[in-house]
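Residues per chain, in single letters:
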Amino acid sequence: MDLNSASTVVLQVLTQATSQDTAVLKPAEEQLKQWETQPGFYSVLLNIFTNHTLDINVRWLAVLYFKNGIDRYWRRVAPHALSEEEKSTLRAGLITNFNEPINQIATQIAVLIAKVARLDCPRQWPELIPTLIESVKVQDDLRQHRALLTFYHVTKTLASKRLAADRKLFYDLASGIYSFACSLWNHHTDTFLQQVSSGNEAPVLSSLERTLLSLKVLRKLTVNGFVEPHKNMEVMGFLHGIFERLKQFLECSRSIGTDNVCRDRLEKTIILFTKVLLDFLDQHPFSFTPLIQRSLEFSVSYVFTEVGEGVTFERFIVQCMNLIKMIVKNYAYKPSKNFEDSSPETLEAHKIKMAFFTYPTLTEICRRLVSHYFLLTEEELTMWEEDPEGFTAEETGGDSWKYSLRPCTEVLFIDIFHEYNQTLTPVLLEMMQTLQGPTNVEDMNALLIKDAVYNAVGLAAYELFDSVDFDQWFKNQLLPELQVIHNRYKPLRRRVIWLIGQWISVKFKSDLRPMLYEAICNLLQDQDLVVRIETATTLKLTVDDFEFRTDQFLPYLETMFTLLFQLLQQVTECDTKMHVLHVLSCVIERVNVQIRPYVGCLVQYLPLLWKQSEEHNMLRCAILTTLIHLVQGLGADSKNLYPFLLPVIQLSTDVSQPPHVYLLEDGLELWLVTLENSPCITPELLRIFQNMSPLLELSSESLRTCFKIINGYIFLSSTEFLQTYAVGLCQSFCELLKEITTDGQVQVLKVVENALKVNPVLGPQMFQPILPCIFRGIIEGERYPVVMSTYLGVMGRVLLQNTSFFSSLLNEMAHKFNQEMDQLLGNMIEMWVDRMDNITQPERRKLSALALLSLLPSDNSVIQDKFCGIINISVEGLHDVMTEDPETGTYKDCMLMSHLEEPKVTEDEEPPTEQDKRKKMLALKDPVHTVSLQQFIYEKLKAQQELLGEQGFQSLMETVDTEIVTQLQEFLQGF
C-alpha cells in the first residue's frame, strides 16, 4: 500500500466509519477489514493518528485499528504477519514524539506501545526504554507526562509476563532502571509537596499526576522486579520511606478541598501507597518482615487512635485494615505446632507480631472495632428508613459491599479474634456483661452500642462456643428483647434475630426451637420491613440446620408460610424477591409433602411474578428453583400446575431463546422433577421433548440431566414416547457416540437398556440403528470395562426378552462380518464369557446368566461347544444372587420380588416419587426380579438332558470343571 496515495483513501474510509448512518458505516468497516492484511496499512494509520490537525474521532478510530492489528498480525507466526521492515518503521514512529494533546488518545497510544513492547522489548526494540527515560526528563510538561504515561504502561505489561526467560529480562530491566525510577518519583513528589501550599490548582494537579504515574512504575518494579528484594537497599529504602510519604500526603488532605479533581487524585495516590505495601506483602512475605512492625504501628495509629482524625477517609481505612489482616493471617508468619520445625524467617516474623499485639493493643483494637466501626451510621439509619430493601442488600453483600468499610471491619474482627481468642474472649464477655437487661428506647446511642456488641458476639460465635451459655442467654436476655415492639428498638430486634441465626448451627438446644419458631412468627409480622427480611434469613438458617426436626416445625408451618408469602408480595426489589423465594424454597424442601395444604396462594402468585420478571433472569432462576421444590412437595398433584409449569419448562430449555443461557440448568432440573412426579403423560408434556434434540447437540455439562429426562419419558410412557421421538433420538445418539466421552457413551447405552427393559418388543425396533454398533463392540472386545458391561446389558435384554429380534440382528451382523451365523454366535458367547468380570452390577450379572441360558436347550454344535462357559457364568450368577436361609439351610434368589410393598418412609427420607413407583412396578415384570435363577438353570438343564438323552447330556456336563459341577449341584439341591 503506497503511503502517499493510500493516506487520503484510508482517511476518507475512516471518516465514513465514524458515521452514525449504518448505510455509510457498514461498507466502511468492511473495507477497513479487507485492508487489515495489506502491507503498509498500519503505517498509514500511524500517520493519521499522529496528525493532530485531523478530526479526533477519526484519529481515535485509527488508534483502535492499529491496536487490534498488533494483537492479530504483529507476531512472526501470525497469518498475514507484518513484515520485519514495516514493524521496524512503526516502532520508530511510535516513539518519535510524545506530544499527543488528547488524553484518551494518549492513553491508547501508550497501551499499544506497551503491546508492541510485550512482543519485541528488549530484543527487537532495545531503544524503547532508553528513549522513554530520556523523554521523562524533558522540561516540556506535555511530553514529560505522555512519556511517563507510556513508561508506566510498558512497565506494567512487561511485569505481567510469566515465562522464566521473560521474568529474567524484567529482573535485569528493574535492576537497571530502579535508581532512576526512585529519583524520578522523589522529584515529582517533592515538587507536589512544595506546590500544594500555593493554592494554585493547575500546577498542583500536574505534579500530582506525575507523582501518581511514577509511583505506579515503582510499584511494578518493586513488586515484580526482584527475586530477593530485601537484599536490595534501594528497594527497602523506598518501602521504608512510604510511611513518611503517606503521613505527608495525609496532612496535605487538610489543605485540599473535599470535592475537586485534586482531592480525587490525592486519595488515589494515598491508596496506591497502600497497594504497594499490600502487593509486596503478598508476593514477598519474608522480604516484608522488616516492615511488619512499622506497618502495624502506622495502620493501628491511623485507624484506632486519634492520629487519623480529620485526615483519613474510608478507602484508606479499608486498606490499612487489609494490611493488618494480611499480617495477622499470613501463613508464612505462623510457626508449626512444634516450633523447632519452623524456619528462622517464620519465627522472626512471629516474634515481631507477638511483640506488637500486646494485651493493651489487642484490647484497644477490639473495643474500637466494636464501639466505633460496628456502630450503625447516620447514613445507614437514613437508608434503613428511606430504602429498607436497599439497606438489606448492602448488609448482605450488595455490589459495593466488598469495597465498603463495614464488611472490612467485620472480617478484621473475625481474623483477630480467631488468632488471639484467649486474650479477646474475656474482653468481649465483659462488654456483653455490661449490657444485660433491657435498654432505654430513648437512649439511641446505648441501643447502637448494644447492636454493635451483639454483632461481635454473632461474628465470634464459633470462638465463643465454650464461653457463652447461649441457651440461657437466649431465654433470659434475647427472647425478651425480641418482644420489645417500640419502633426505636427495631435495630436490636433485627440484630438479635440475626445473632440467633449465627448461633443456630453452633450451640442451640433442640428443645428451644419451638420458642424460636414462635418468635419468628411474631417477627415476620413486625412493622419494620428490614426486621422481617432478616427474620426470613434466620428462618432459612434454622431449617437448613442439621438438627432441624420437622415435627417441631409443623405447628408453625401454616403461619410462617403465609407470612413469607405476604413478604414476597410486599417487597419490590428483584434481589429481595429472590431472597424470600429462596427461603420459601428451603421451607418447602424440608417439609416436603407436608406443604401441600398451604401452597395454593404461592401457586396462584408465581405465574404473575414470572410475567413481571421477564427482564430479570436471575429472579426467574429463583422462581424455577421454587417450582422444583414445589413439584417435589406436591408429587402427583403437581399435574395441576401444568398450564403454568410446562410453558415455563418450554421457554427455559429452548436453546433458540436468549434466556436459556440463564435458565437452562434450573429449567432442565424442573423438567426432570416434573417427569419424576407426573402420574401420567399428557400431550403437552410429550410435546416439550421437541426441545431435546438441540440440547443433545450442545454436548454441555447438562447432558447427564438430559439423559435422565429421556429415561423419565421412557419410564412414564415408553410406547407413545418411542413411537413419536425414537427415530430422531436414535440419530442424535448415533452422532453423540462418535465424539462423546466414555461416561457419555455409558449414559446413552443406559437409555437404550432402559427402553429395552420397559418395552422389550418396541424398544429393539426403535433403537435398531444402534444395536449393530453394540454387537460389533462385543465381538471386537470393547476395551473399556464399563462400556463393555453396558453393551452386554443391552444385548442380554434383546437375547432374553426378544429372541426373534436377536435372530434377525445376528443374521444382519453375519452378513456384515461375512461369517456364518453360528460361528458369529459362538464368537459372541466366547467374548461374553471372557469379559463377564467387566460386569459389576449384580442385576446385570444375573441378566447375563439368564440370557445365555435362554439359548438352551439346543442341539446346535456351536452352543454345545460353549456349554461350559454358559454354565460357568450361571454358577457365578448363583453366587451373586443366592442367599442361604440359616433356619432351613436352603438357598433362595435374593433378587426376586413377588409382591408390591409400599416401604415405610421415615421422617428423614423423601417419599417415593411417581417414577419410583413406576420402576417398582417395572421390576415386578422384569425377568431379573421375577425369574428364579436357580429354577431357570434347573429347567434349562433338564430340557437339555431330555433333548440329548442321558449319555449325551453326561458327555456335555463332562466339559464343565468338576469344582463348578459340585457347586452347581449344591445350589440345585431339592430340585
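Residues numbered from 1 in each chain as written. Predicted model: local features only at pLDDT ≥ 70, side-chain atom pairs only at ≥ 80, totals over all residues. Heavy atoms only, no water.

(A) Seen up close, the environment of Thr434. Residue position: Thr434 is located in the loop between α20 (421–433) and α21 (444–459). Exposure remark for Thr434: the relative accessible area of 59% places this residue in the exposed category. Here Met431 takes part through its backbone oxygen, which lies 2.7 Å from a polar atom of the side chain of Thr434. (Helix = DSSP H or I, 4+ residues; strand = E, 2+ residues; numbered from the N terminus. Buried < 20%, exposed > 50% of the residue type's maximum accessible area, 1.4 Å probe, protein only. Polar contact = N/O pair within 3.5 Å; in protein donor to acceptor, adjacent residues only side chain to side chain.)

(B) Region of interest: a nonpolar patch on the surface. Together, Met618, Val661 and Tyr662 line one region of the surface with nonpolar side chains, adding up to about 340 Å² of accessible area. Here Val661 shows up in helix α31 (residues 660–676). (Patch = residues over 30% accessible without salt bridge, like charges linked within 9 Å, V, L, I, M, F, W, Y side chains within 5 Å. Areas by Shrake-Rupley, 256 points an atom, 1.4 Å probe, with all protein chains shown as cover. Salt bridge = Lys/Arg side-chain N within 4 Å of Asp/Glu carboxyl O.)

(C) Quick look at the side chain of His153. With respect to the element layout, His153 can be found in helix α8 (residues 141–159). When near neighbours in sequence (up to four residues on either side) are disregarded, His153 contacts Thr107, Ala110, Val111 and Ala114. (Contact = heavy atoms within 4.5 Å.)

(D) Examining the nonpolar core more closely. In terms of nonpolar packing, the biggest core is built from 344 residues, with Phe413, Trp671, Ile710, Tyr713 and Phe733 touching the most fellow members. Counting residues per element, this core draws most heavily on helix α34 (residues 703–739), at 17 residues. For Trp671, the residues in contact, after removing those within four places along its chain, are Ile649, Thr653, Ile688, Phe689, Asn691, Met692, Leu695, Ile709 and Tyr713. (Core = buried A, V, L, I, M, F, W, Y, C linked by side-chain atoms within 4.5 Å.)

(E) Here's a closer look at the packing of helix α38 (residues 785–801) against helix α40 (residues 821–834). The geometry of α38 relative to α40 is characterised by a closest axis approach of 11 Å and an angle of 130 degrees between their N-to-C directions. Regarding the angle of α38 to α40, the classification is oblique. For the pair α38 and α40, the crossing hand works out as left-handed. Residues Met788, Leu792, Met795, Gly796 and Leu799 of α38 touch α40, and the partners they reach there are Met828, Met831 and Trp832. Looking at the contact of α38 with α40 residue by residue, the classes come out as seven nonpolar, one polar and no charged. (Axes fitted to C-alpha atoms, helices over the stretch in contact; angles between N-to-C directions. Parallel < 35°, antiparallel > 145°, perpendicular 65-115°, else oblique. Left-handed = near helix turned anticlockwise from the far one by under 90°. Nonpolar A, V, L, I, M, F, W, Y, C, P; charged D, E, K, R; others polar.)

(F) Expanded view of the pattern of salt bridges. On inspection of all chains with the given rule, the structure shows 42 salt bridges. Put simply, Glu209 and Arg265 hold a salt bridge, and the shortest N to O gap is 2.6 Å. Of the two residues, Glu209 sits in helix α10 (residues 201–224) while Arg265 sits in helix α12 (residues 261–283), which places them 56 residues apart along the sequence. Take Glu209: its relative accessible area is 19%, and that puts it in the buried class. For the salt bridge of Glu876 with Arg845, the shortest nitrogen-to-oxygen distance reads 2.7 Å. With a gap of 31 residues between them, Glu876 in helix α43 (residues 867–881) and Arg845 in helix α41 (residues 842–853) connect regions that are remote in the sequence. Residue Arg845 is classed as buried on the basis of its relative accessible area of 11%. Among the ionic contacts, a cluster of salt bridges with common partners joins Arg76, Glu84 and Lys87.

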